[in-house]
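These are the residues of each chain, in order.
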Amino acid sequence: MTATLATAPPLSKSLADRALSASGTLWFLTAAAGQWMFVLYISSFYGGAAVQGNFEKWNDVLVGGYVAGGTLGNIILAGHLLLAVTITAGGTLQLIPQIRARALPFHRWNGRVYILTALVISLFGLYMVWTRGTAGGESLRIGISLNGILILVCAVLAWRYALARDIATHRRWALRTFMLVSGVWFFRVGLMLWILANHGPVGIGRDFDGPFVRFWSFGCYLVPLIVLELYLRSQERGSATDKFAAAAALVVLTAAMAVGILGAAMGMWLPRVMPA
Ligand code: HEM
C-alpha cells in the first residue's frame with residue numbers, strides 16, 4: 001500500500017497532465033479541421049482549373065503564378081501546389097496517436113513521404129520566391145525564405161532521429177517541422193484573425209507590405225514554434241500549476257485560431273471551392 005502511494009503520481013499532477021494533453025488534442029483537432037479546409041481549397045481551385053486546362057485561372061489568386069511559355073517555372077509551381085495538398089493532408093494524419101499506435105508501417109511510410117515532400121516543396125518555394133515573386137515586399141520574401149530554410153533543417157533532423165530510433169528527440173523535431181510546414185497556413189489564419197479583430201485591414205498596407213504583414217511574415221511560424229516549445233517544456237518538466245496554466249493558454253489560443261480558420265474559410269477558401 002505504502003509502495004503504491006509512493007509510486008502513484010500526485011492527484012493534481014495527473015489531473016494537470018490530463019488537462020495539458022486534452023488542450024493539445026483540442027488544438028490539434030481544430031488545426032486539422034482548418035488544414036483540411038485548406039486542402040479542399042487547393043485541390044478544388046487549382047486542381048479544378050488544371051483539369052479544365054485553364055491554368056490562367058491560377059492567377060486569380062497568385063501574383064507571380066502561371067506564366068504562358070514559362071515551362072520550368074510552371075512545372076515547379078504545379079509541383080508546389082500538388083505537394084501542398086500531400087503535405088497538408090499527410091501532416092495531420094502523421095500526428096494522430098491512434099494511427100502511430102495501430103498502424104506503425106503507415107506512420108513510417110507517411111513520415112518518409114512527408115519529410116521528402118517538405119524538402120522538395122521548400123526548394124520549389126525558394127525557387128519561386130526568388131524567380132517569380134510573391135505578393136508583398138522584401139519582408140514577406142525574406143520571411144517565407146527563412147521559413148523554407150528552417151523546414152529543410154528541421155525535416156532532416158526529424159528524419160535523422162527517427163533513423164537513430166531516438167523517438168523522444170524525433171518527436172520534438174517532427175513537431176517543429178509540422179509547425180514550420182504549417183507556417184503558410186498560419187499566415188492565412190492569423191491574417192484573417194487580425195483583420196476580423198480590427199474590423200478591417202489595419203496595418204496590411206496598399207502593397208501588402210504594412211507593419212502587420214511584415215511582423216506576421218516571420219511571426220506566422222516563429223510564434224507557433226515558441227508556443228510549441230513552451231508546451232513541450234511544461235509537458236516534460238512543468239509543475240502542476242505550469243501545466244494548468246499552459247493548458248488554459250492553449251485553449252484561449254485555440255479559440256483565437258478557430259476564429260481565424262472561420263475567417264480564412266469564409267473569406268478566402270470556400271468562395272473559391274464554391275464560387276457564387
Ligand atoms: C511547406 C508548406 C507549404 C505549403 C502547404 C504551401 C502552399 C502554397 C499554396 C496553397 C500556394 C498557392 C497560394 C494560395 O492559393 O493561397 C502557394 C504559393 C506559393 N508558395 Fe507555397 N507553400 C508552402 C511552403 C512554401 C515555402 C517554404 C515557400 C518559399 C520559400 C513558398 C513559396 C510560395 C510562392 C512563391 C508561391 C506563389 C505566390 C504567388 O505567386 O503569389 N511556399 N504555396
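For the structure, check the block above.
So, a few notes on the structure that sits alongside this text. (Residues numbered from 1 in each chain as written. Predicted model: local features only at pLDDT ≥ 70, side-chain atom pairs only at ≥ 80, totals over all residues. Heavy atoms only, no water.)

Describing the coordination of the iron atom of the ligand
Selection rule: Here a donor is any nitrogen, oxygen or sulfur atom (N, O, S) within 2.8 Å of the metal, with 3.2 Å used for Na, K and Ca; water is not among the atoms considered, so some sites may look incomplete. Helix and strand definitions follow DSSP, with helices as H or I runs of at least four residues and strands as E runs of at least two, each counted in order from the N terminus.
There is one protein donor for the iron atom of the ligand, and it is H80 (NE2), at 2.1 Å. Summarising the element assignment, H80 is placed in helix α3 (residues 71–94).

Brief notes about helix α7 (residues 167–181)
Definition in use: Each helix should span, by expectation, one fewer than its residue count multiplied by 1.5 Å. Think of it in three bands: residues with accessible area under 20% of the maximum for their type are buried, residues over 50% are exposed, and the middle band is partly exposed, with areas taken using a 1.4 Å probe on protein chains only.
The end-to-end C-alpha separation of α7 is 20 Å, in line with the 21 Å expected for 15 residues at 1.5 Å each. Among the residues making up α7, those that are buried are T169, H170, L175, R176, T177, F178, M179, L180 and V181.

Regarding the side chain of S217
Note the threshold: Polar contacts, as used here, are pairs of N or O atoms within 3.5 Å; protein pairs need one atom able to donate a hydrogen and one able to accept it. Residues neighboring in sequence count only if both atoms are side-chain atoms. Contacts are assigned to residue pairs with any non-hydrogen atoms lying within 4.5 Å of each other.
Note on placement: S217 falls in helix α9 (residues 211–237). At a separation of 2.6 Å, a polar atom in the side chain of S217 contacts the main-chain carbonyl oxygen of V213. Here S217 is in contact with S139, L140, G143, I144 and F187, once residues within four sequence places are set aside.

Structural notes on the pattern of salt bridges
Using the following cut-off: Each salt bridge in this description consists of a side-chain nitrogen of Lys or Arg and a carboxyl oxygen of Asp or Glu lying within 4 Å of one another.
The tally for this structure, following the rule as stated, stands at five salt bridges. Across the pair D17 and K243 runs a salt bridge, and its minimum N-O distance is 2.6 Å. Residue D17 is found in helix α2 (residues 11–51), and its partner K243 is found in helix α10 (residues 240–273); the two are separated by 226 residues along the sequence. Classification of D17 by relative accessible area gives partly exposed; the value is 31%. The buried category is assigned to K243, whose relative accessible area is 2%. In this structure, R141 and E138 form a salt bridge, with 3.2 Å as the shortest nitrogen-oxygen distance. One end of the pair is R141 and the other is E138, both in helix α6 (residues 138–163) and three residues apart, which spans about a single turn. Looking at E138, the relative accessible area reads 44%, which means it is partly exposed.

Things to note about the environment of N147
The topology assignment puts N147 in helix α6. Sequence-distant contacts of N147, defined by excluding residues within four places in its chain, comprise L180, G183, V184 and Y221.

Things to note about the site of the ligand
Stated precisely, the cut-off is as follows: If even one non-hydrogen atom of a residue comes within 4 Å of a molecule or strand, that residue is called near it. Note on residue categories: nonpolar means Ala, Val, Leu, Ile, Met, Phe, Trp, Tyr, Cys or Pro, charged means Asp, Glu, Lys or Arg, and polar means any other residue, Gly included.
Around the ligand sit 26 residues, and of these Y41, Y46, V63, G64 and H80 come closest. Between the ligand and the protein, one listed contact pairs an oxygen atom with a side-chain N or O atom of Y41 at 2.4 Å. Take H80: an N or O atom from its side chain is 2.9 Å from a nitrogen atom of the ligand. Counting only elements with at least two residues in the shell around the ligand, the list comes to α2, α3, α5 (104–131), α6 and α8 (183–197). The element best represented in the shell around the ligand is α5, accounting for five residues. Residues that form the shell around the ligand fall into these classes: 17 nonpolar, eight polar and one charged.

Some remarks on the packing of aromatic side chains
Think of a pair of aromatic rings as described by two things: how far the centres are apart, and how the planes are tilted against each other in angle. Filter applied, for reference: Stacked, tilted and edge-to-face are the three classes assigned to paired rings of Phe, Tyr and Trp, where Trp is represented by its six-membered ring and a pair needs centres within 6.5 Å; plane angles under 30 degrees give stacked, over 60 edge-to-face, the rest tilted.
Throughout the structure, instances matching the rule amount to 14 aromatic pairs. Here the aromatic rings of F38 and W269 are separated by 5.1 Å at their centres, their planes lie at 40 degrees, and the arrangement is tilted. In this pair, F38 is assigned in helix α2 and W269 in helix α10, connecting sequence segments 231 residues apart. Neither F38 nor W269 differs from the other in exposure class; each is buried. Ring geometry for Y46 versus W58: centroids 5.9 Å apart, planes at 70 degrees, classification edge-to-face. Separated by twelve residues along the polypeptide, Y46 in helix α2 and W58 in the loop between α2 and α3 bring together distant segments of the chain. Residue classification places W58 among the buried residues on the basis of a relative accessible area of 4%. In this structure an aromatic cluster arises from ring pairing among F38, Y41, F45, Y46, F55, W58, Y66 and W269.

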